[in-house]
Amino acid sequence: MKKTIILLTLIACCIACTGNRKKNYSMTNETLVRLETTMGDITVKLYDETPKHRDNFIKLVKEGVYDSTLFHRVIQNFMIQAGDPTSKTANDTAKLGSGDVGYTIPAEFVPTLYHKRGALAAARQPDNVNPERASSGCQFYIVTGQVFNEDQLIAMEKNMNQARLDTIFQNLARKHMKEIFKMRKADDTAGLLALQDTLERQAKAQQKEEGIRKFTPEQIKIYTSKGGAPHLDGDYTVFGEVIEGMDAVSRIEAVKTNKADRPIENIRILKATIINEK
């Protein structure tokens, strides 16, 4: 009887210890960050293929930049966004999303890193003011996304390539605005058409140099099963992914938001911590 009691006590202790034990990441050769939020912990892995974004994220975590910031933009079936330093002390009616740390990060587009569900990526200003597609120095988002079928992905490829071509053309045209205004004032239709043809050729050449966007078989498999936000591929830098805590991400994604996509009830990053660094 005494042996039985001792055995049961040992089993109970083992179960208790196992239930309370956090994962030990010390043996992994990866850079990992834990975001402790008011809706649960999220652990992300930072990619070595995007070293500028990785190192900057580590720097900001160590400096406490993300501590007490809000998830200020949440869109169901798309993403949850955070990292605006001004959100730390923002009142309930403040417009958020324009805060920064005074610099941007050069884009690091890697074809094998894409916007699958759980991807960690950098927010940025739109193309018309940021043609180089440089990333915000601090704001980031985690993709929740949705599942697509192959026909939708084929149509999306076409739209993405056309949109990129249009953007390149517009950026080139801005460099000739004085010339364009002068020809318009002079009713020089022939000159305008000639310039348009030249800019279209240059835009197509630049797009060809960048690479025509086409989803790989791996991307198609992921986007048609687990889902994501494929329309962002090649436009925003993906620099990590969630490896634990997608349940917390889903809870955040499901909250009620106002017309500006800000959660009605504040969702805060209490503490960001490096739990393993290479």
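It should be emphasised that the depicted structure is a prediction, and the values quoted were computed from it without experimental measurement.

Definitions and limits used
Residues numbered from 1 in each chain as written. Predicted model: local features only at pLDDT ≥ 70, side-chain atom pairs only at ≥ 80, totals over all residues. Heavy atoms only, no water. Core = buried A, V, L, I, M, F, W, Y, C linked by side-chain atoms within 4.5 Å. Buried < 20%, exposed > 50% of the residue type's maximum accessible area, 1.4 Å probe, protein only. Helix = DSSP H or I, 4+ residues; strand = E, 2+ residues; numbered from the N terminus. Contact = heavy atoms within 4.5 Å. Axes fitted to C-alpha atoms, helices over the stretch in contact; angles between N-to-C directions. Parallel < 35°, antiparallel > 145°, perpendicular 65-115°, else oblique. Left-handed = near helix turned anticlockwise from the far one by under 90°. Nonpolar A, V, L, I, M, F, W, Y, C, P; charged D, E, K, R; others polar. Pairing = 2+ DSSP bridges. pLDDT = per-residue confidence, 0-100. Polar contact = N/O pair within 3.5 Å; in protein donor to acceptor, adjacent residues only side chain to side chain. Expected span 1.5 Å × (residues − 1). Arc of directions from axis to C-beta.

### Digging into the nonpolar core
Core analysis: the biggest nonpolar cluster contains 29 residues, and Ile-42, Leu-46, Phe-57, Tyr-66, Phe-71 and Phe-140 have the highest contact counts within it. Here this core gets four residues from one element, more than from any other, and that element is helix α2 (residues 51-63). Residue contacts for Tyr-66: discarding those within four places in its chain leaves Phe-57, Leu-60, Val-61, Gly-83, Cys-138, Phe-140, Ile-269 and Ala-272. Grouped together as the second largest cluster of nonpolar side chains are 12 residues, Tyr-47, Phe-78, Ala-119 and Ala-123 included.

### Notes on the packing of helix α3 (residues 150-174) against helix α5 (residues 189-210)
Contact geometry of α3 with α5 gives a least axis separation of 9 Å together with a crossing angle of 125 degrees. The pairing of α3 with α5 is recorded here as oblique in orientation. The way α3 lies across α5 gives a crossing that is right-handed. Side by side, α3 and α5 meet where Asn-161, Arg-164, Leu-165, Ile-168, Phe-169, Leu-172 and Ala-173 of the first sit next to Gln-196, Leu-199, Glu-200, Gln-202, Ala-203, Lys-204, Gln-206, Gln-207 and Glu-210 of the second. Counted by class, the contact of α3 with α5 contains seven nonpolar, five polar and four charged residues.

### Some details on the pairing of strand β4 (residues 79-82)
The two faces of β4 match: Met-79 and Gln-81 on one face and Ile-80 and Ala-82 on the other face are all buried. As paired elements, strand β3 (residues 71-75) and β4 share four bridges and run antiparallel to each other. Bridge pairing in β4 links Ile-75 to Met-79. In this structure, β4 lies alongside strand β8 (residues 140-143), joined through four bridges in antiparallel fashion. Looking at the pairing, Ile-80 lines up with Ile-142 of β8.

### Some points on the confidence of the model for the protein
When pLDDT is averaged along the protein, the result is 91; 90% of the residues meet or exceed 70. The model gives residues 1-21 a pLDDT under 50, and that stretch makes zero contacts with residues more than four places away or in other chains.

### As for the side chain of Arg-133
Position of Arg-133 relative to the elements: it lies in the loop between β6 (119-122) and β7 (135-136). A relative accessible area of 9% means that Arg-133 is categorised as buried. At 2.8 Å, the side chain of Arg-133 and the backbone oxygen of Gly-234 are in polar contact. Not counting residues up to four positions away in its chain, the partners in contact with Arg-133 are Ala-107, Phe-109, Arg-124, Asp-127, Arg-164, Glu-210, Arg-213, Gly-234 and Asp-235.

### Points about α5
For α5, built from 22 residues, the straight-helix expectation of 32 Å at 1.5 Å per residue is met to within 8% by its first-to-last C-alpha distance of 31 Å. Considered for burial, the residues of α5 that qualify are Gly-191, Leu-195, Leu-199, Ala-203 and Gln-207. For α5, the arc enclosing every buried residue in end-on projection is 130 degrees, short of the 170-degree limit, so these residues lie on one face. Away from its buried face, by an angle of more than 90 degrees, α5 presents the exposed residues Ala-190, Arg-201, Lys-204 and Lys-208.

### A short note on the sheet that holds β6
The antiparallel open sheet is built from eight strands, whose spatial order is β3-β4-β8-β6-β9-β2-β1-β10. Of all the strands in the sheet, just β3 and β10 (269-276) have a single pairing partner and so form its edges. With direction set aside, neighbouring strand axes in the sheet form an average angle of 25 degrees. Both strand β1 (residues 31-37) and strand β2 (residues 40-46) contribute to a ladder of seven bridges, which runs antiparallel.

### Some remarks on the environment of Leu-35
Turning to its location among the elements, Leu-35 is positioned in strand β1. For Leu-35, a relative accessible area of 0% gives the class buried. Leu-35 sits 153 residues away from Asp-188 along the chain, and the two C-alpha atoms are 59 Å apart. Residues in contact with Leu-35, not counting those within four places in the same chain, are Gly-40, Asp-41, Ile-42, Phe-140, Ile-269, Lys-271 and Ala-272.

### Structural notes on the packing of helix α4 (residues 177-185) against α5
Remark: α4 packs on α5, axes separated minimally by 8 Å, with the N-to-C direction vectors making an angle of 150 degrees. On the basis of their axis angle, the class for α4 and α5 is roughly antiparallel. Of the residues in α5, those in contact with Glu-179, Ile-180, Met-183 and Arg-184 of α4 are Gly-191, Leu-192 and Leu-195. Across the contact of α4 with α5, the residue classes break down as four nonpolar, one polar and two charged.

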